[in-house]
Amino acid sequence: MNRVALVTGGTRGIGRAICEQLKADGFNVVANYAGNDAAAQQFSEETGIPVYKFDVGDHAATQAGCDQIAAEIGPIEVVVNNAGITRDGTLHKMSFDDWNDVMRINLGGCFNTSKACFPGMRERGWGRIVNIGSINGQAGQYGQVNYAAAKSGIHGFTKALAQEGARAGVTVNAIAPGYIDTDMVAAVPQGVLDKIIAGIPVGRLGQAEEIARGVSFLCSEDAGFVTGSTMSINGGQHMY
Ligand code: NDP
């Protein structure tokens, strides 16, 4: 039986590309999403991948969602923590809700899915967790103290959990994408985007499929010796 792979925020953007790649790799993929039912339905019809709606920032809902997937599809052996949001603004304009929502969903989501899925992976002696961080968690970004903190937290979370899973055959890695051509980046004003692209050595935005291929490797049998690492896929924008 093919291994079950859960991709959070899998119905759009980078998550969708990850779902399609993992399906092509032979995983039994399920996608989670938060609220955009129309996009989820279209995704599911086009890909044949089942969708599960729950807020990864909600601890109880995530546990219930993962339990439901395990009961209906099978034990979850791969988790790609991809769901994420932005609530940008400089600190003096940022509300506590803007801070808290980003921390709760982007970083809390990794905790919540891991609490639900990591113990079973350890018991079965095999697992893959891939957390989608960000270049802005590595380098910081004006107007994103919430997002940069959450994404930087993901990188620390990854290195800590990797140590807990290593002896049990569970690898935990992160990918730090640079600027990728998705709805999230479409929300950036064009003038700002032009300046960002000018600072990317390869001279273009990345494609979601380029992140998905990194996830594919980290989820493969061949990547069993890779754990606690951060793979930067950013066109050379940030080189450490
Ligand atoms: P999109 O905004 O295009 O898609 C986000 C996906 O996450 C959607 O499927 C959305 O579901 C889902 N989602 C949002 N909030 C929740 C939640 N609370 N619970 C469950 N699912 C949720 O994002 P991208 O594809 O651009 O980004 C994907 C990841 O990559 C994010 O973590 C982002 O921070 C990261 N990233 C993106 C970069 C980029 O340039 N695009 C750069 C670096 C990192 P729904 O459709 O229901 O809203």
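Residues numbered from 1 in each chain as written. Predicted model: local features only at pLDDT ≥ 70, side-chain atom pairs only at ≥ 80, totals over all residues.

- If you look the protein chain up in an unreviewed UniProt entry, it shows as Acetoacetyl-CoA reductase from Erythrobacter insulae.
- As stated in UniProt under Sequence similarities (unreviewed entry), the record for the protein chain gives "Belongs to the short-chain dehydrogenases/reductases (SDR) family." (UniProt positions renumbered as here; feature names shortened; annotations may be inferred.)

1. Observations regarding the UniProt feature "domain: Ketoreductase" (unreviewed entry) in the protein chain
Stage number 1. Taken from the UniProt record, the annotation "domain: Ketoreductase" (unreviewed entry) applies to residues 3-178.
Stage number 2. Within the segment residues 3-178, helix and strand shares are 52% and 19% respectively, and the terminal C-alpha atoms sit 29 Å apart. (Helix = DSSP H or I, 4+ residues; strand = E, 2+ residues; numbered from the N terminus.)

2. Looking at helix α4 (residues 96-124)
Stage number 1. Relative to the 42 Å expected for 29 residues at 1.5 Å per residue, α4 spans 40 Å between its end C-alpha atoms, a close match to the ideal helical length.
Stage number 2. The largest bend in α4 comes to about 45 degrees, at Gly108.
Stage number 3. Positive backbone phi, approximately 80 degrees, marks Gly125, located one or two places after α4. (Expected span 1.5 Å × (residues − 1). Bend = angle between axes of the 7 residues up to and from the residue.)

3. Points about helix α9 (residues 208-218)
Stage number 1. For α9, every residue scored as buried is listed here: Ile211, Ala212, Gly214, Val215 and Leu218. One side of α9 carries all its buried residues, which in axial view fall inside an arc of 160 degrees.
Stage number 2. Next to the buried residues of α9 lie α1 (13-24), β4 (76-81), β5 (127-132), β6 (170-177) and β7 (230-233). (Buried ≥ 20, exposed ≤ 12 C-beta atoms within 10 Å, placed from the backbone. Arc of directions from axis to C-beta. Contact = placed C-beta atoms within 7 Å.)

4. Considering the pairing of strand β2 (residues 28-33)
Stage number 1. Among the six residues in β2, five count as buried, and that is most of the element.
Stage number 2. Pairing analysis gives four bridges linking strand β1 (residues 4-7) to β2, with the strands arranged parallel. Within β2, the position partnered with Val7 by the bridge is Ala31.
Stage number 3. Remark: the β1/α1/β2 crossover connection has right-handed handedness.
Stage number 4. Two elements, β2 and strand β3 (residues 51-53), share three bridges in a ladder whose sense is parallel. Looking at the pairing, Tyr33 lines up with Lys53 of β3.
Stage number 5. As a crossover connection, the stretch from β2 through helix α2 (residues 37-47) into β3 is right-handed. (Pairing = 2+ DSSP bridges. Right-handed = clockwise from strand over helix to strand, strands pointing away.)

5. What about the site of the ligand?
Stage number 1. Around the ligand, a shell composed of 30 residues is seen, among which Gly9, Gly13, Asn36, Gly84 and Met184 lie nearest.
Stage number 2. Those elements that place two or more of their residues in the shell around the ligand are α1, β2 and α7 (183-186).
Stage number 3. The residue inventory of the shell around the ligand, partitioned by class, reads 14 nonpolar, 13 polar and three charged. (Near = placed C-beta within 6 Å. Nonpolar A, V, L, I, M, F, W, Y, C, P; charged D, E, K, R; others polar.)

6. A closer look at the environment of Glu20
Stage number 1. Its place among the elements puts Glu20 in helix α1.
Stage number 2. When the 21 C-beta atoms within 10 Å are taken as the criterion, Glu20 is described as buried.
Stage number 3. Sequence separation between Glu20 and Ile85 is 65 residues; the distance between their C-alpha atoms is 21 Å.

7. A look at the sheet that holds β1
Stage number 1. Sheet architecture is open: seven strands sit in the order β3-β2-β1-β4-β5-β6-β7, paired in parallel fashion. Each end of this open sheet is capped by a strand with a single partner; those strands are β3 and β7. With direction set aside, neighbouring strand axes in the sheet form an average angle of 20 degrees.
Stage number 2. For β6 and β7, the ladder comprises four bridges, and the chain directions are parallel. (Axes fitted to C-alpha atoms, helices over the stretch in contact; angles between N-to-C directions.)

8. Regarding the nonpolar core
Stage number 1. With 56 residues, the main nonpolar core has Ala5, Leu6, Val7, Ile18, Val29 and Val215 as its most contacted residues.
Stage number 2. Apart from residues no more than four positions distant in its own chain, Val7 is found in contact with Gly15, Ile18, Cys19, Leu22, Val29, Ala31, Asn32, Val80 and Asn82. (Core = buried A, V, L, I, M, F, W, Y, C linked by C-beta atoms within 7 Å.)

9. Thoughts on the packing of α1 against α9
Stage number 1. Following both chains from N to C, one finds α1 and α9 inclined at 50 degrees, their axes separated by 8 Å at the closest point. What the angle tells us is that α1 and α9 run oblique. Viewed along their axes, α1 and α9 form a crossing whose handedness is right-handed. Taken together, the residues of α9 that come into contact with α1 (itself represented by Gly13, Ile14, Arg16, Ala17, Ile18, Gln21 and Leu22) are Ala208, Glu209, Ile211, Ala212, Arg213, Val215 and Ser216. (Parallel < 35°, antiparallel > 145°, perpendicular 65-115°, else oblique. Left-handed = near helix turned anticlockwise from the far one by under 90°.)

10. Thoughts on the packing of α4 against helix α6 (residues 145-165)
Stage number 1. Put simply, α4 and α6 touch, their axes get as near as 9 Å, and they point 15 degrees apart. Between α4 and α6, the interaxial angle falls into the category roughly parallel. Between α4 and α6 lies a crossing whose hand is right-handed. Residues Asp98, Trp99, Val102, Met103, Asn106, Leu107, Cys110, Ser114, Phe118 and Arg122 of α4 pack against Asn146, Tyr147, Ala149, Ala150, Lys151, Gly153, Ile154, Phe157, Leu161 and Gly165 of α6.
Stage number 2. Residue classes in the contact of α4 with α6 are distributed as 12 nonpolar, five polar and three charged.

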